[in-house]
Amino acid sequence: AQKVTQAQTEISVVEKEDVTLDCVYETRDTTYYLFWYKQPPSGELVFLIRRNSFDEQNEISGRYSWNFQKSTSSFNFTITASQVVDSAVYFCALSERGMYSGGGADGLTFGKGTHLIIQP
Amino acid sequence: NAGVTQTPKFRVLKTGQSMTLLCAQDMNHEYMYWYRQDPGMGLRLIHYSVGEGTTAKGEVPDGYNVSRLKKQNFLLGLESAAPSQTSVYFCASSYRDRGYEQYFGPGTRLTVT
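A brief report on the enclosed structure follows. (Residues numbered from 1 in each chain as written. Chains lettered and ligands numbered in written order. Predicted model: local features only at pLDDT ≥ 70, side-chain atom pairs only at ≥ 80, totals over all residues. Heavy atoms only, no water.)

Here's the deal with the overall build of chain A
Right, on to step 1. Helix and strand content of chain A: zero helices and twelve strands.
Right, on to step 2. Its helices and strands in sequence order give chain A the pattern β-β-β-β-β-β-β-β-β-β-β-β, from N to C terminus.
Right, on to step 3. In summary, chain A has a C-alpha radius of gyration of 14 Å against a globular reference of 14 Å for 120 residues, a match within 12%.
Right, on to step 4. In terms of overall dimensions, chain A has C-alpha extents of about 45 × 30 × 20 Å along its principal axes.
Right, on to step 5. Within the span of chain A, comprising 120 residues, buried residues form 45% of the whole.
Right, on to step 6. Of the contacts made within chain A by residues no fewer than 6 positions apart, 57% connect residues no fewer than 24 positions apart. (Helix = DSSP H or I, 4+ residues; strand = E, 2+ residues; numbered from the N terminus. Rg over C-alpha atoms; globule rule 2.2 N^0.38 Å. Buried < 20%, exposed > 50% of the residue type's maximum accessible area, 1.4 Å probe, protein only. Contact = heavy atoms within 4.5 Å.)

Following this line, the structure appears as structure tokens:
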């Protein structure tokens, strides 16, 4: 069965520091997708990124970057020059191809989340 | 285009009471999902549906029932609420064969006393 582990329960840094959130996953499927979501204090889920298992290129979006390494089953998320507005709970998630053709019908498996606190 | 909406936003129930949470989407999505979020646990899948009239169990289905009588609606029922069902419930939907592109609703906060 699939599993997502976010070992860091809570991280606290001072504004402008760089911070990396770790995500390790387990799956027996060769086709899968990995995600990061942000949940600010208001409670909604904000989609940040989706990466499929065949694309190991790292991605950068502004101050955010993601490092996908199949060899270590990791999909880590780095925030550069953190800001107070980055304070939130961040979830890593996995979607396997599953039993239905086309993939992903079986839902997402989430990690337990990392609570990121950015202090001014 | 409202996307995914959930009704109600908040609810307080007494133990043993029943209620139904409604999820509605206007994107013509085939797949719909119910998750619950508990502190320190992330989101866990309760039930899902890959089409009108079909439902399947997720990771934590006990104590819940679901129905998908119309494509745009996915109902989550609690027949006899228990304090362990105090949680935030999220609904999501996606197109057929694109279950990895899930659109989430705003959540329903349920407290069972």
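A few points about the sheet that holds strand β1 (residues 4–7) of chain B
Residue and element names in this part refer to chain B.
Right, on to step 1. Reading across from one edge, β1-β3-β8-β7 is the order of the four strands in this open sheet, with antiparallel pairing throughout. In this open sheet, the two edge strands, each paired with only one partner strand, are β1 and β7 (65–67). When strand polarity is set aside, the average angle formed by the axes of neighbouring strands in this sheet is 20°.
Right, on to step 2. By the bridge criterion, six bridges tie strand β3 (residues 19–25) to strand β8 (residues 73–78) in an arrangement that is antiparallel. Looking at the pairing, Leu21 lines up with Leu76 of β8. (Pairing = 2+ DSSP bridges. Axes fitted to C-alpha atoms, helices over the stretch in contact; angles between N-to-C directions.)

Notes on the state of the cysteines
Right, on to step 1. Per the counting criterion, the structure on display carries two disulfides over all chains.
Right, on to step 2. Here Cys23(A) connects covalently by a disulfide to Cys92(A), the sulfurs 1.9 Å from one another. On the S-S bond that ties Cys23(A) to Cys92(A), the torsion sits near -65°, and the link is left-handed. With Cys23(A) in the loop between β3 (19–21) and β4 (24–26) and Cys92(A) in strand β10 (residues 88–96), this residue pair connects regions lying 69 residues apart in the sequence. Both residues of the pair, Cys23(A) and Cys92(A), count as buried.
Right, on to step 3. Residue pairing for Cys23(B): its cysteine sulfur links by disulfide to Cys91(B), the two sulfurs lying 1.8 Å apart. Between Cys23(B) and Cys91(B), the disulfide has an S-S torsion of -75° and is therefore left-handed. (Disulfide = S-S within 2.5 Å.)

Remarks on the nonpolar core
Note on soluble globular proteins: their nonpolar side chains tend to be buried together.
Residues and elements named next belong to chain A.
Right, on to step 1. Judged by nonpolar contacts, the single largest core of 23 residues is most densely connected at Leu21, Trp36, Phe77, Tyr90 and Leu116.
Right, on to step 2. Residue assignment for this core shows that the elements contributing at least two residues are β2 (10–14), β3, β5 (32–39), β8 (64–69), β9 (74–79), β10 and β12 (114–119).
Right, on to step 3. No other element matches the four residues that β10 contributes to this core.
Right, on to step 4. Among all residues touching Phe77, those that are not within four sequence positions of it are Val19, Thr20, Leu21, Trp36, Leu48, Tyr64, Ser65, Trp66 and Tyr90. (Core = buried A, V, L, I, M, F, W, Y, C linked by side-chain atoms within 4.5 Å.)

Here we look at the environment of Ala92(B)
Residue and element names in this part refer to chain B.
Right, on to step 1. Mapped onto the secondary structure, Ala92 falls in strand β9 (residues 87–94).
Right, on to step 2. For Ala92, a relative accessible area of 0% corresponds to the buried category.
Right, on to step 3. On a C-alpha basis, the gap between Ala92 and Phe104 in space is 4.2 Å, while along the polypeptide they are twelve residues apart.
Right, on to step 4. For Ala92, the residues in contact, after removing those within four places along its chain, are Tyr31, Met32, Tyr33, Tyr35, Gln102, Tyr103 and Phe104.

Some details on the interface of chain A and chain B
A common way to report how large an interface is uses the accessible area buried once the components associate.
Right, on to step 1. At the junction of the two partners, chain A supplies 21 residues and chain B supplies 19 residues.
Right, on to step 2. Interface area, chain A with chain B, both sides summed: about 1700 Å², of which 58% is carbon and sulfur.
Right, on to step 3. Here chain A is connected to chain B by one salt bridge.
Right, on to step 4. For Glu101(B), the salt bridge is made with Arg50(A), and the minimal N-O distance between the two is 3.1 Å.
Right, on to step 5. One can count three residue pairs in polar contact (both at pLDDT 80 or more) joining chain A with chain B.
Right, on to step 6. At the level of elements, β5 and β10 of chain A are the ones that each hand at least two residues to the side of chain A that touches chain B.
Right, on to step 7. Broken down by element, the residue count for the side of chain A that touches chain B peaks at four residues, all from β5(A).
Right, on to step 8. When grouped by side-chain class, the residues that make up the side of chain A that touches chain B number nine nonpolar, nine polar and three charged. (Buried area = accessible area lost by both parts, 1.4 Å probe. Salt bridge = Lys/Arg side-chain N within 4 Å of Asp/Glu carboxyl O. Polar contact = N/O pair within 3.5 Å; in protein donor to acceptor, adjacent residues only side chain to side chain. Nonpolar A, V, L, I, M, F, W, Y, C, P; charged D, E, K, R; others polar.)

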